[in-house]
Amino acid sequence: MIFEGDYGEVPQKIKEKIKKVLEATERLIRLVNTILDVSKIETGEMEMKLEKVNLRETIKEAIEDLKIKAKEKNLYLKFEEPKEKIESLLDKEKIRQAILNLIDNAIKYTQEGGVTIKLETQNSKNPKIRIKIQDTGEGLTEKEKEKIFERFSRGEAGAKFWVEGAGLGLFIAKNFVQMHKGKIWVESEGKGNGSIFYIELPGK
């Protein structure tokens, strides 16, 4: 309220300090919510609320939330969306959070270029929906790929470019996807070659 001027005009110097306090508070709130999610996952208290979800729109929402962050780093954020509506019975908030975490992670560890998201269906005996999130970032070693979805795990690039990360975003994404009987994995040809994260979900 002080920052927005509800109590009168605030000098620019003070406003800059208040903005930093606000940003620090928001980071702390996000961290607390993340830790609460981890606690619920590990104790089996996380509930599912299934509904028919339009994944094309869910991905668009996640991109909208992160486009300013990408723009601040001069990165592109592209969505290769299908023409048809792709729906499945999902917990919308959990899947949205998983997608958001993966895109956010890609932005954090990409310094040039950007992130491309692709949504498609896999035609097989058991139909699958696949979400592909490809970045032009630092890439991962074989060792990093093995541990990237573990709690508090962060790659070398994480420690270098994003010192504030807790290493829980991908752990939560993995668990939210697995709660839907889906799969999540990463591919990378090594350092300097970017990464591709995949989410695969049941098609019905």
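This write-up is about the structure you can find in this document. Source: prediction; values computed, not measured.

### As for the packing of aromatic side chains
- Under the counting rule described, the total for this entry stands at two aromatic pairs.
- Ring centres of F149 and F197 lie 6.0 Å apart, and the angle between their planes is 85°; this geometry places the pair in the edge-to-face category. Remark: F197 occurs in strand 7 (residues 196-202) and F149 occurs in the loop between helix 4 (142-147) and helix 5 (156-161); sequence separation between them is 48 residues. You'll find F149 and F197 in the same group, each marked buried.
- Here W185 and Y198 contribute two aromatic rings whose centre-to-centre distance is 4.9 Å and whose plane-to-plane angle is 15°, an arrangement assigned as stacked. Of this pair, W185 sits in strand 6 (residues 183-187) while Y198 sits in strand 7, placing them 13 residues apart in sequence.
- Given the relative accessible area of 9%, Y198 is considered buried.
- Geometry around F176 places K94 over its ring, the cationic atom sitting 5.9 Å from the centre.

### Details of the layout of surface pockets
- Size it by volume and the second largest pocket reaches roughly 250 Å³.
- Around the second largest pocket, the lining is made up of 13 residues, and of these M46, E47, D91, E93 and K94 lie nearest the centre.
- Mapped onto the lining of the second largest pocket, the elements with two or more residues apiece are helix 1 (12-43) and helix 3 (92-108).
- The dominant element in the lining of the second largest pocket, judged by the number of residues it contributes, is helix 3, at four residues.

### As for unusual backbone geometry
- The phi torsion at N74 lies on the positive side, around 55°, for a residue other than glycine.
- Of note in this structure, K181 is not a glycine but carries a positive phi near 60°.
- Here K181 lies in the loop between helix 6 (169-178) and strand 6.

### Details of the nonpolar core
- Ranked by internal contacts, the top residues of the largest apolar core, which has 44 residues, are L55, L77, I99, I103, I117, I131 and I199.
- No other element matches helix 3, which puts eight residues into this core.

What counts and what doesn't
- Residues numbered from 1 in each chain as written.
- Predicted model: local features only at pLDDT ≥ 70, side-chain atom pairs only at ≥ 80, totals over all residues.
- Heavy atoms only, no water.
- Phe/Tyr/Trp six-rings, centres within 6.5 Å; stacked < 30°, edge-to-face > 60°.
- Helix = DSSP H or I, 4+ residues; strand = E, 2+ residues; numbered from the N terminus.
- Buried < 20%, exposed > 50% of the residue type's maximum accessible area, 1.4 Å probe, protein only.
- Lys NZ or Arg CZ within 6 Å of the ring centre and 35° of its normal.
- 1 Å grid on protein atoms, 1.4 Å probe; cavity = no way out; pocket = protein on both sides within 12 Å on 5 of 7 lines; lining within 4 Å.
- Points joined across faces, edges and corners; volume = space filled by probe spheres on them.
- Core = buried A, V, L, I, M, F, W, Y, C linked by side-chain atoms within 4.5 Å.

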